Amino acid sequence: MTHQPHDKPLLGILQGRLIPRKALLELADSLGVFAIAITPDSEIDPQTKTIKNVVAVQGGNTVPLPSVPFPHVVYDMQFSKGKGQKRRKHFREIAKALNAAGSHFINPYNSLGLVNDKVAFGELMSRNGISSPSCYPHSKESFEKLLSEHESVFVKPVSGNQGFGIITTTRSELGIELMYIIVASCDTEIERRQRWYKPENVFAAIEDIRSDEGWSQSEYFLQPSVDYFPWDGRWTWLRASVQRAGEGRLGVVGIVFNYLHCSEYGGRHDDPQILYAKIAENCDKSAKDIEYACARIALATHQVLEDAIGQKIGELGMDILLDNNGNPHILEANNKQGNLIYWDPQYAGTQNPGGFMNPEFNERAKAMDVNRNKAILQYAEFLAAKALNSGGV
């Protein structure tokens with residue numbers, strides 16, 4: 001569908017990467033919805049309330065648009081960490097201007113500090129009876145005590161995303177493994193470094209890493225691992241996408257299974273049914289019971305966060321740990337969980353690095369991504385209609 005220059009987009013997507021925003025743009029085009037990608041080259045004019053140099057998909061083709069009115073709704077997918085400080089500042093300025101002009105946001109603008117503050121998040125979960133790993137102050141005494149009592153301890157920034165700044169400390173017969181994520185100096189590829197230390201040297205090594213990577217100015221805390229279910233010794237967790245869709249309905253759109261040490265960054269996505277079934281073999285819960293429990297805790301967490309900020313939230317990615325008894329624990333919520341977290345073209349038709357990926361899961365994961373994007377568009381339509389009915393933009 002071809003749109004005219006004066007047509008007001010339903011949705012404006014703030015995202016620097018091409019593939020994630022293109023998938024959403026293509027879906028919008030197929031549904032006859034006018035959506036645009038706001039890119040690092042876009043410029044805003046607050047006086048005329050227009051954005052120059054945006055991208056859309058029309059009739060299946062990616063087309064540049066010289067200028068469009070401010071969108072009804074904004075989907076901010078731009079992460080605040082990692083490389084590209086100039087680009088991040090550019091997107092922040094655009095988001096600020098769109099908010100000031102009355103555009104609505106899938107996730108409330110500048111209102112999710114509670115999600116990003118991992119300590120405050122953990123305390124909120126505890127007050128509301130939702131199981132979440134405890135948080136402790138970042139100190140040598142606390143760290144050494146926790147490491148003596150737990151197999152793994154996470155040294156984490158209070159405010160962070162995409163795993164940047166987290167140092168995972170794990171005990172084994174060989175010593176202590178330190179694992180963390182950095183941005184390579186040559187490009188945007190993510191690397192993982194691992195080192196082994198004697199217990200008495202670990203805290204000093206962590207402080208050296210924080211200093212070397214420029215993390216020493218950030219506030220940190222400690223979080224011990226729960227009795228999580230490992231897969232071949234790998235740390236496992238689930239990512240549940242909780243979203244509002246048509247008429248503002250809240251639901252779990254999809255859940256994937258991740259496991260560490262099997263990809264360049266962040267673990268690989270797999271079929272959660274594999275994990276549910278494996279845990280159910282050795283506990284008194286069925287795989288279906290475990291699946292339902294994960295969905296319930298994800299929804300409960302989302303609603304507790306909405307109650308805390310007093311606003312509806314369009315999309316959160318919940319990271320869930322499962323223990324050996326099949327009990328779920330909320331690790332954290334992600335207010336910018338990115339896209340293509342379920343399916344990625346570069347992995348299509350390939351086997352999981354761990355060798356156990358369900359060969360049919362790629363198609364199901366692809367369908368989940370479509371459902372996630374549909375929910376974004378449906379919720380954008382709901383927000384725009386609600387605003388128009390109330391006399392807004």
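Residues numbered from 1 in each chain as written. Predicted model: local features only at pLDDT ≥ 70, side-chain atom pairs only at ≥ 80, totals over all residues. Heavy atoms only, no water.

Once that is clear, we can look at the pattern of salt bridges. Taken as a whole and assessed by the stated rule, the structure comprises 13 salt bridges. Residues Glu26 and Lys22 are paired through a salt bridge, measuring 3.9 Å at the closest nitrogen-oxygen approach. In this pair, Glu26 and Lys22 both sit in helix α1 (residues 18–30), four residues apart, roughly one turn of the helix. Of the residues examined, Glu26 reaches a relative accessible area of 37% and is grouped as partly exposed. A salt bridge links Arg372 to Asp369; its shortest N-O distance comes to 3.6 Å. Placement of the pair is Arg372 and Asp369 together in helix α9 (residues 361–389), with a separation of three residues, close to one helical turn. For the pair formed by Arg372 and Asp369, the shared burial category is buried. (Salt bridge = Lys/Arg side-chain N within 4 Å of Asp/Glu carboxyl O. Helix = DSSP H or I, 4+ residues; strand = E, 2+ residues; numbered from the N terminus. Buried < 20%, exposed > 50% of the residue type's maximum accessible area, 1.4 Å probe, protein only.)

Its location among the elements puts Gly122 in helix α4 (residues 118–127). For Gly122, a relative accessible area of 12% gives the class buried. Sequence-wise, Gly122 and Ile330 are 208 residues apart; in three dimensions their C-alpha atoms are separated by 8.7 Å.

Moving on to the side chain of Thr301. Relative to the assigned elements, Thr301 resides in helix α8 (residues 287–309). Sequence-distant contacts of Thr301, that is, excluding residues within four places in its chain, are made with Phe121, Met125, Ile130, Met318 and Ile330. (Contact = heavy atoms within 4.5 Å.)

Now for unusual backbone geometry. Peptide bonds are trans in most cases, and residues, glycine excluded, mostly fall at negative phi. Non-glycine residue Lys49 carries a positive phi angle of around 55°. Structurally, Lys49 can be placed in the loop between β2 (35–45) and β3 (50–58). Positioned with a positive phi, Asn110 is a non-glycine residue whose angle comes to about 55°.

Per the counting criterion, the structure on display carries four aromatic pairs. Measuring from ring centre to ring centre gives 5.9 Å for Tyr180 and Trp215, while their planes differ by 90°; the resulting arrangement is edge-to-face. Here Trp215 lies in the loop between α6 (202–212) and β12 (220–224) and Tyr180 lies in strand β10 (residues 175–183), a separation of 35 residues in the sequence. With relative accessibility at 13%, the residue Trp215 sits in the buried group. Ring centres of Tyr379 and Phe382 lie 5.9 Å apart, and the angle between their planes is 20°; this geometry places the pair in the stacked category. Of this pair, Tyr379 and Phe382 both sit in helix α9, three residues apart, which is roughly one turn of the helix. Seen from the ring of Tyr220, Arg210 lies directly overhead, with NZ or CZ sitting 4.2 Å from the centre. (Phe/Tyr/Trp six-rings, centres within 6.5 Å; stacked < 30°, edge-to-face > 60°. Lys NZ or Arg CZ within 6 Å of the ring centre and 35° of its normal.)

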